[in-house]
Each structure stands twice: as structure tokens, then as C-alpha cells.
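Observations on the model geometry
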Amino acid sequence: MTTMLTGCMWRDARLPVSTDHEAQATISFVAPEYSASTKPYFENVVKEFEVKYPNIKVELQVINWDILDSAYNTMISRNQPPDLLLTNIYAHFAKDGLLNNMDELFSPGLKDKIYPYLMESSKMNGVQYTIPYVTTLRELYYNKDIFNDVGLTEPPTTWTDLEEGARIIKDRKQVDGFGVDLTDNEIWAYLSYFFYGAGGGWMKDGEWTINSRENVEGLTFLKSLYDKGLTDPEPAITTRDEKQRILGNGKLGMLISGNYFEAVVPQEFPGLKWAKGPIPVKEGQTPMVLGVQDVWMSFKTDHTNKDALSKFLDFIYEDARYEEFVLREGFLPTIRTVGDKMAADDTLMKQNLNAIKNAKFYPINHPAWSAVLNATRNMGQTVLLGQMTPKQALDRLQHIALEKSR
């Protein structure tokens, strides 16, 4: 796909140059590195934007996800925050008064393009602090050849089916049945799958419910799969991306991942026969969908230029340019103009966009979420090794959530 898009549908050195005569402006811009394509893509965006608006200088940094948090927190601690940051948490910054109101940066045309149901997580106390840039849908992916070899015809939809399917794969194929990522990159996702799957969740009616009976049951079930040898052997060590490669190489039956897996397969595992199903839930629970968003936020700086920022946001959301990014990285679009076009051309995209309308999302608009997320990072190994019970671990998270909510 990268090769196909190198000829790029929107790159054109003859972009019209702005005739604006306002004073020189600077935008510092930090983005995460999603893949090897991310940095070249944004470098080209910056180059073309500066051609069109020669009076606006864009300083770009693309930073690996593993060190992104520490990098931008260092900038903030030095009173040098970026004008624009793309990441997945924000509310603690808003609480501290560090962020601009995005309603002051949105152009009317851009605001009208974004799917309204994706905007709610970007608001805190009624103020629009972020703009959703990309989103993903989490589902169960499985190796069809392994399923066929062991006689499984359908993906599991309940916890009982999941356990039985993983056991059959382990016994008959001698490969791991179910991949679990409890590393500090993804543990909050797997907690979400089994919290919601048990009928629980992170919050209810605006209150933290991390140590609820349902959530304890969900984490206890997940640990039981590990204790019975039905997961991969290193949930707290090998990441989701590594497990995707293990599944692609025929050594893992199933795992939960994002729809970007569908973009990875043709490039990394062209011979893989795969399919997907819903995230398994406890018997009697409603099937659930988890969505994840990455959002733009704008820090107040000593050189904030809202007009320049508005122009840049309009530029990166221009339909053809934005569509290329979504295709490169395997995301779902957050703007209806691109979403409608892609859904008309791709049945799978249409299914994904319909599904995410009813998705549950992380409580990123609560100021305590950042602290809760950080506190989960080393929890996986502690629970799996029995150093803390699931209830003790979730009691600790609940305490942190309440403390940080004061």
C-alpha cells in the first residue's frame, strides 16, 4: 500500500501559495510514530503546508509511542509545550488550564465534517478541548487455518466458548490458543475487554467503579485462562504487535486487536487466512465493541497563533490528504466526508464504521484517567504471578482514581 501511495494522490509541488501578509507564525507539532510511514507522511504534510503558507513555520517531532509520554511531559515541565500534540489522553492537562479551547481553532467547515458521536470524549465540562483524528475498533481476530485444523467453525462469542476454543487449539495443535497483552503498552485495553465483557466498566453514572464485582470477575476469569495455560506464556512481556506476528506465523490461534490488523496482514502475512468476530463476553451479557481514539490538543504557549493553527488543522484534514493517512496506517476515519467515500468503496470499512457508532471508549475526558492508566502499567505481572489478587489490584486502582479525582 505504501508503494502504491508513493505516487500520492495529493502531492503537488504547484500548491497555491497563500497571499496572506500577516506576521510570521510558528507551530510546534508532536505526533506519535504509528509505523515506518508516519514520519515521512507528516514531513511531507509540513513541507506542502509551508509552501502554501510561507509565513507559517512548522516544527515537527514524530516520537515513538514508547517514549512519547515522557517526551512531551519533559517539554511541559520546561514550559515549552507543543502547540499541537496528537495522543490519547488529555483531561489532566485541561484541568490544569494548559489547553486551548478547540472551538476557538475549529473552522466551521472542519467541525461540520467530524462525526458527532466521536466528539463527546473530547469534551470536558462542556468545553471542546480536543479533536478526534483517528479511531480504531477492537475485535477478536483468528487464524482460520488453525481453526479448520482443529474443527472450530465459528469464533467464540462467550467466555465459555473462548476457554473451550483455546483448550482445543492447545490440545490438538500444540500452539497457544489466545494471545493476551498485559504489557504496559496495552493492559488497559485487555482490562476493558473483560470489564465490559462482565457487565462492568471503568465508570458508571460519572463515578469510578474499577473494583466493582463485575470487573473483579472479569479479571479473575482472564487470570484463570493464564493459570490453565490457555493464553500465550508471556502476557506481561510480549506486546500485541509481537503476538500479531506469532498469529501470522501460525503459532497462535486468536487475539484481540484493532482494525489496523487488517491493513498489516497483506504486507506482513500475505498468505494468512484470517477472520474476525466480536469480543467474547460472559454468558448473558450484550456483545460489546471497544473503540479507541487519538486526539489533537493545543497547549497554550507564548507564541500561540490561533489563526495559523486553524489553517494547519484544516490542511491536515483535507479529504484526500487525510484519506491517505488513514489508508497508510489502517485506521478508521473520523470525518464523514472521507468515511462516506471509503465505506462506499469497501464493505469492511462500512461494517467497521457502523460498529464504532455503538462503541464504548476509555474515559479520557476524566482528569484522573491518566493516573489510572499509568497505575495499570506494571499490574499485569503482579496479578499473573499471584503477588496481588485481582480484587487487591483493582482496589488499588480504585483508590488512585478517587484520590486523583479530588
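Source: prediction; values computed, not measured. Each chain carries its own residue numbering, running from 1 in the written order of its sequence. Owing to the predicted nature of the model, reporting of local features is limited to residues with pLDDT of at least 70; listing and counting of side-chain atom pairs is limited to 80 or more, with chain, interface and lining totals taken over all residues. Values shown for side chains rest on all heavy atoms present in the structure; no hydrogens or waters enter the calculation.

**Focus on the overall build of the chain**
Basically, it comes down to this: Helix and strand labels come from DSSP, where a helix needs a run of H or I of at least four residues and a strand needs a run of E of at least two; each type is numbered from the N terminus. Categorising residues by exposure relies on relative accessible area from a 1.4 Å probe, with only protein chains included: less than 20% of the type maximum marks a residue as buried, more than 50% marks it as exposed, and the intermediate range marks it as partly exposed. Contacts are assigned to residue pairs with any non-hydrogen atoms lying within 4.5 Å of each other. We get accessible surface area from the Shrake-Rupley algorithm with a probe of 1.4 Å; when it comes to residues, only the shown protein chains can shield them. Two residue types count as positive, namely Lys and Arg, and two as negative, namely Asp and Glu; His and chain ends fall outside the count. Charge positions are represented by NZ for Lys, CZ for Arg, CG for Asp and CD for Glu.
Secondary structure summary: the chain contains 18 helices and 13 strands in total. Classification of the 406 residues of the chain by burial places 56% in the buried group. Considering only contacts in the chain between residues 6 or more positions apart, those separated by 24 or more positions represent 76%. About 17400 Å² of surface is accessible on the chain, with carbon and sulfur atoms providing 48% of the total. Positive and negative charge centroids in the chain, built from 43 and 54 side chains respectively, lie 2 Å apart.

**Side note on the nonpolar core**
Under the convention used in this document: To qualify as a nonpolar core, a set must consist of buried Ala, Val, Leu, Ile, Met, Phe, Trp, Tyr and Cys residues joined through side-chain atoms within 4.5 Å.
Judged by nonpolar contacts, the single largest core of 84 residues is most densely connected at Tyr90, Phe178, Trp202 and Trp369. By size, the runner-up hydrophobic cluster in this structure holds 50 residues, among which are Leu313, Ile316, Val326 and Val338.

**Here we look at helix 11 (residues 261-268)**
Where helix 11 is concerned, the buried positions are Phe261, Glu262, Ala263 and Val265. Buried residues in helix 11 make contact with strand 6 (130-143), helix 10 (240-248), strand 10 (252-258), strand 11 (274-277) and helix 15 (347-356).

**Quick notes on unusual backbone geometry**
Located in the positive-phi region is Asn79, a residue other than glycine, with phi close to 60 degrees. Inspection of the secondary structure assignment puts Asn79 in the loop between helix 3 (65-77) and strand 3 (84-87). The residue Asn125 is not glycine, and still its phi comes out positive at about 55 degrees. Relative accessible area serves as the criterion here: at 76%, Asn125 is assigned to the exposed category.

**Thoughts on the confidence of the model for the chain**
It should be kept in mind that the predicted coordinates are not to be read in detail where pLDDT is low. Going by this rule: pLDDT gives the predictor's per-residue confidence on a scale running from 0 to 100.
A residue-level look at the chain finds 94% of positions with pLDDT of 70 or above and a mean pLDDT of 93. Note on residues 1-15: pLDDT is under 50 here. Beyond four places in sequence and across chains, it has 29 contacts.

**Focus: helix 18 (residues 390-404)**
To keep it simple, the criterion reads: One less than the residue count of a helix, multiplied by 1.5 Å, gives the span that helix is expected to have. This arc corresponds to the set of directions leading from the helix axis out to the C-beta atoms.
Here helix 18 is 15 residues long and its end C-alpha atoms lie 21 Å apart, about the 21 Å a rise of 1.5 Å per residue gives. If you check which residues of helix 18 are buried, you get Pro390, Ala393, Leu394, Leu397, Gln398, Ile400 and Ala401. In a view along the axis of helix 18, the buried residues occupy a sector of 160 degrees, so they form one face of it. Taken together, the buried residues of helix 18 touch helix 8 (187-197), strand 9 (207-208), helix 9 (213-227), helix 16 (369-376) and helix 17 (379-384).

**Describing the side chain of Asn143**
Looking at where Asn143 falls in the secondary structure, it is placed in strand 6. In contact with Asn143, not counting residues within four places along its chain, are Leu247, Gly250, Leu252, Gly253, Leu272 and Lys273.

**Concerning the pattern of salt bridges**
What counts, and what does not: In what follows, salt bridge is the name for a side-chain nitrogen of Lys or Arg lying within 4 Å of a carboxyl oxygen of Asp or Glu.
Overall, the coordinates contain 29 salt bridges when judged by the stated rule. We note a salt bridge from Lys111 to Asp103, for which the minimum N-O separation is 2.7 Å. Look at Lys111 and you get partly exposed, because its relative accessible area is 37%. Of the charged contacts in the structure, one is a salt bridge between Glu323 and Lys341, with a shortest N-O distance of 3.1 Å.

**Concerning the packing of aromatic side chains**
Under the convention used in this document: For Phe, Tyr and Trp, rings pair up if their centres lie within 6.5 Å, where Trp contributes its six-membered ring, and each pair is then called stacked (planes under 30 degrees apart), edge-to-face (over 60) or tilted (otherwise).
Within this structure, the stated rule accounts for 33 aromatic pairs. Aromatic side chains Trp159 and Phe194 sit 6.0 Å apart centroid to centroid with 35 degrees between the ring planes, which places their arrangement in the tilted category. Of this pair, Trp159 sits in helix 7 (residues 159-173) while Phe194 sits in helix 8, placing them 35 residues apart in sequence. The same class applies to Trp159 as to Phe194, namely buried.

**A short note on the environment of Val175**
Along the chain, the position of Val175 falls in the loop between helix 7 and strand 7 (176-179). A relative accessible area of 8% places Val175 in the buried class. When the C-alpha positions of Val175 and Pro363 are compared, they lie 36 Å apart, and in sequence the two are 188 residues distant. Setting aside residues up to four positions removed in sequence, Val175 forms contacts with Ile146, Ile169, Lys170, Gly250, Lys251 and Leu252.

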